[in-house]
Amino acid sequence: VGTDEENEVTAARTPRPGDLTDAGHFVDLCRRLGPAVHAYLSRRVGRQGADDLFGEVWLRAFRARATYDPHQGGAGPWLYGIARNTLRAHWRDAGRAGPALSAVDRPDPWDDADVRLDAQSQRAILRRGLLLLSPEDREVLLLVAWERLTPAEIAVTLGIPQGTVRSRLHRARQILRHNIDSTSPAPSARPVTLSAQEATS
Amino acid sequence: MNSLELLQSLGEVEPVEPELLERTCEELSVAVHRDMAPVVMPAPAPAPAPYRRRHPGPGPRTRPVARRLALAAVVLALAGAGTVLLRPGSTGGPTSAAAAELQRLAAVAAAQPAASVPGPGQYLYVRSEESNMQTTFGGPTDTYSVLVPEERQIWIGADGSGRLVESFGQPVFLSAADHAGWVAAGSPSLAEAPSDDSFGPGGLSDGPTDLSKLPTDPAALGSMLFARKIEGGPAGAAEDFVQVGDLLRETDASPALRAALYQVAAHLPGVELLGQVTDHSGRPGIGIAYVSNGYSNELVLNPTTSALMGEQSSVVGATAPSQMATYPVGTVLGWTVYEASGVVDSTAASTAASTPAQ
């Protein structure tokens, strides 16, 4: 997660009423948050998949701009929600494409992320705990770890209550703490905290 | 490294390619403006701009319309045809009637003399009257659209040089809501000054500058057009129809090329035959239309010469949600009639030909 990308998303958190009712602002949003949206896709379907879906996300966002509420977490979480819906549609379509794509039968980003884990020789460490998580809990965890979203923002992205986000996050954290950090070859001396954002939001 | 830090490190990915980002945002920009109209955002007056008219069809474009009018997007012209009954939302292949008529027009085009193509030192002259929708974007309450009447004369040289003369009439608000938006915006002046600009070689060129190099074999031309090797743009029959129109309006397309274009259009799924219609000047013609996204783009063709006589864009069904006011079915968003056309020897000359030769 690049610093610039984080800054852009953070900037987009500031509610700016009327942002998306102006065509010029909407296109400006594409330029400002495009890198973050592409990174979201790339983490879940790889670089090529992200390239393929990137334009569709923005067209979907434009068509759905009436659903944007600047008082509900800013444009970043709203866009991640659009990207998530695009991914789910992509996975559904891929699932219908044939059994050769069985890995994407489940709309679960972990299948793709797992490939990168393996490539980086970290698979054994994280896989044990992450596979214990439900897809719902894992999705919340990845939004915290990868997109650096707060529970309030995740609630906007996923369209679920904040309380549900917090409970999923709490559950995921507990599982990681008990099943990963305790067996990590180089555990951190300090307790695992998912994010400072969790405590402040 | 704890589990979260490890997880975060695994989320590191290569940033989006700048070219992909820019292309996507540019396509989005065009789609945004297209969806909200046919309109364009207010923009500073550019330097000499390409002259070619682009019909705003549905879907994103990879190349924006570039035209002299600073405030507006050129929306298609119309042929008023109060007797025309459109069928919004129709899909499928071209009707046999539409295909047959386009094939007949192709034969008519092929039989026309080739004298309409300007030689060295000569110009294609076209005089037209039109009414274009122009939208000024503000906030939710002060965005408004007007129809701006225009008289236009253009001289297009073989080398892309030429002259463009435009004058504008009194704008007309499309709806009471548009008038209210204008008032909310402070009732700014809508007057647009007439212009008379000359262009050096290449100054009036956009897209395929040498139409004589395009194939006149329908299959070969269709392959190039569908592959977007003539003009950029999204895939699909709606865009195909737009590009056929682009190659017909204010161009020196030869009779053979025009014939090939009609044959390409005859095979486009969704093309409709409107039958006999009248253009905005009351002249009878053959109406060909393509309906997409709730808008109907119509071409009016001369039944005896196959020339493009006029165009129109109108609302025929539900349109995509946008900040724009929703106009009722039947609302005409723009029209053009081509009043005269011919080859002349200087940019000071004109032709009184009443039958467009383009």
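Conventions adopted
Residues numbered from 1 in each chain as written. Chains lettered and ligands numbered in written order. Predicted model: local features only at pLDDT ≥ 70, side-chain atom pairs only at ≥ 80, totals over all residues. Heavy atoms only, no water. Axes fitted to C-alpha atoms, helices over the stretch in contact; angles between N-to-C directions. Helix = DSSP H or I, 4+ residues; strand = E, 2+ residues; numbered from the N terminus. Parallel < 35°, antiparallel > 145°, perpendicular 65-115°, else oblique. Left-handed = near helix turned anticlockwise from the far one by under 90°. Contact = heavy atoms within 4.5 Å. Nonpolar A, V, L, I, M, F, W, Y, C, P; charged D, E, K, R; others polar. Salt bridge = Lys/Arg side-chain N within 4 Å of Asp/Glu carboxyl O. Buried < 20%, exposed > 50% of the residue type's maximum accessible area, 1.4 Å probe, protein only. pLDDT = per-residue confidence, 0-100. Disulfide = S-S within 2.5 Å. Phe/Tyr/Trp six-rings, centres within 6.5 Å; stacked < 30°, edge-to-face > 60°. Lys NZ or Arg CZ within 6 Å of the ring centre and 35° of its normal.

(A) Summary view of the packing of helix H6 (residues 135-145) of chain A against helix H7 (residues 151-158) of chain A. Residue and element names in this part refer to chain A. Interaxial distance between H6 and H7 falls to 10 Å at its minimum, and their mutual angle equals 125 degrees. By the angle between their directions, the pair H6 and H7 is classed as oblique. H7 is crossed by H6, and the crossing has right-handed handedness. Residues Glu139, Val140, Leu143 and Val144 of H6 touch H7, and the partners they reach there are Ile154, Thr157 and Leu158. Across the contact of H6 with H7, the residue classes tally to five nonpolar, one polar and one charged.

(B) The arrangement of the pattern of salt bridges in detail. Residues and elements named next belong to chain A. Tallied over the full model, the rule gives 17 salt bridges over all chains. The residue arginine 60 makes a salt bridge to glutamate 56 at a minimum N-O spacing of 3.1 Å. Within this pair, arginine 60 and its partner glutamate 56 are both found in helix H2 (residues 23-63), separated by four residues, close to a single helical turn. Relative accessible area serves as the criterion here: at 34%, glutamate 56 is assigned to the partly exposed category. Across the pair arginine 171 and aspartate 137 runs a salt bridge whose closest N-O atoms are separated by 2.6 Å. With arginine 171 in helix H8 (residues 162-181) and aspartate 137 in helix H6, this residue pair connects regions lying 34 residues apart in the sequence. Look at aspartate 137 and you get buried, because its relative accessible area is 3%. Through salt bridges with shared partners, a single network forms among Arg43, Arg44 and Glu147.

(C) Representation of the confidence of the model for chain B in the model. All names here are of chain B. With 72% of its residues at a pLDDT of at least 70, chain B reaches an overall mean of 75. The secondary structure element of chain B with the lowest average pLDDT is helix H1 (residues 3-10), at 72, and the one with the highest is helix H7 (residues 255-266), at 94. Segment residues 37-92: pLDDT under 50, and 207 contacts once partners within four positions in sequence are set aside and those in other chains are kept. Low pLDDT, under 50, characterises residues 354-358; the stretch is placed with 24 contacts to residues that sit more than four places away or in other chains. Among the prediction metrics, the complex's ipTM stands at 0.71, with pTM recorded as 0.52.

(D) Fine view of the side chain of glutamate 101 of chain B. Residues and elements named next belong to chain B. Structurally, glutamate 101 is set in helix H3 (residues 96-110). Look at glutamate 101 and you get buried, because its relative accessible area is 14%. Not counting residues within four places of it along the chain, the set of residues in contact with glutamate 101 comprises Leu273 and Ile286.

(E) Representation of the confidence of the model for chain A. Residue and element names in this part refer to chain A. Mean pLDDT over chain A works out to 68, with 58% of the residues at or above the 70 mark. Across chain A, H6 holds the top mean pLDDT of 89, while helix H9 (residues 196-200) sits lowest at 33. Note that residues 96-107 has pLDDT below 50 and, in this model, nine contacts with residues that lie over four places away or in other chains. The low-confidence segment residues 183-201 (pLDDT under 50) makes 34 contacts with residues lying over four places distant or belonging to another chain.

(F) Here's a closer look at the state of the cysteines. Using the criterion set out here, one finds one disulfide over all chains in the structure. Each sulfur of the disulfide joining cysteine 30 of chain A and cysteine 25 of chain B lies 2.2 Å from the other. Handedness of the cysteine 30 of chain A-cysteine 25 of chain B disulfide follows from its S-S torsion of about -90 degrees: it is left-handed. Of this pair, cysteine 30 of chain A sits in helix H2 while cysteine 25 of chain B sits in helix H2 (residues 18-35), which puts the two residues in different chains. Here cysteine 30 of chain A falls in the buried class, since its relative accessible area comes to 0%. Cysteine 25 of chain B sits in the buried class, given a relative accessible area of 0%.

(G) Molecular detail of the packing of aromatic side chains. Residues and elements named next belong to chain A. Across all of its chains, the model carries five aromatic pairs over all chains by this definition. Their ring planes at 40 degrees and their centres at 5.3 Å tell us that tyrosine 40 and tyrosine 80 sit as a pair that is tilted. Of this pair, tyrosine 40 sits in helix H2 while tyrosine 80 sits in helix H3 (residues 75-97); the two residues are 40 residues apart in sequence, bridging distant segments of the chain. Take tyrosine 40 and tyrosine 80: they sit in the same class, and that class is buried. The side chain of arginine 44 reaches across the aromatic face of tyrosine 40, ending 3.9 Å from its centre.

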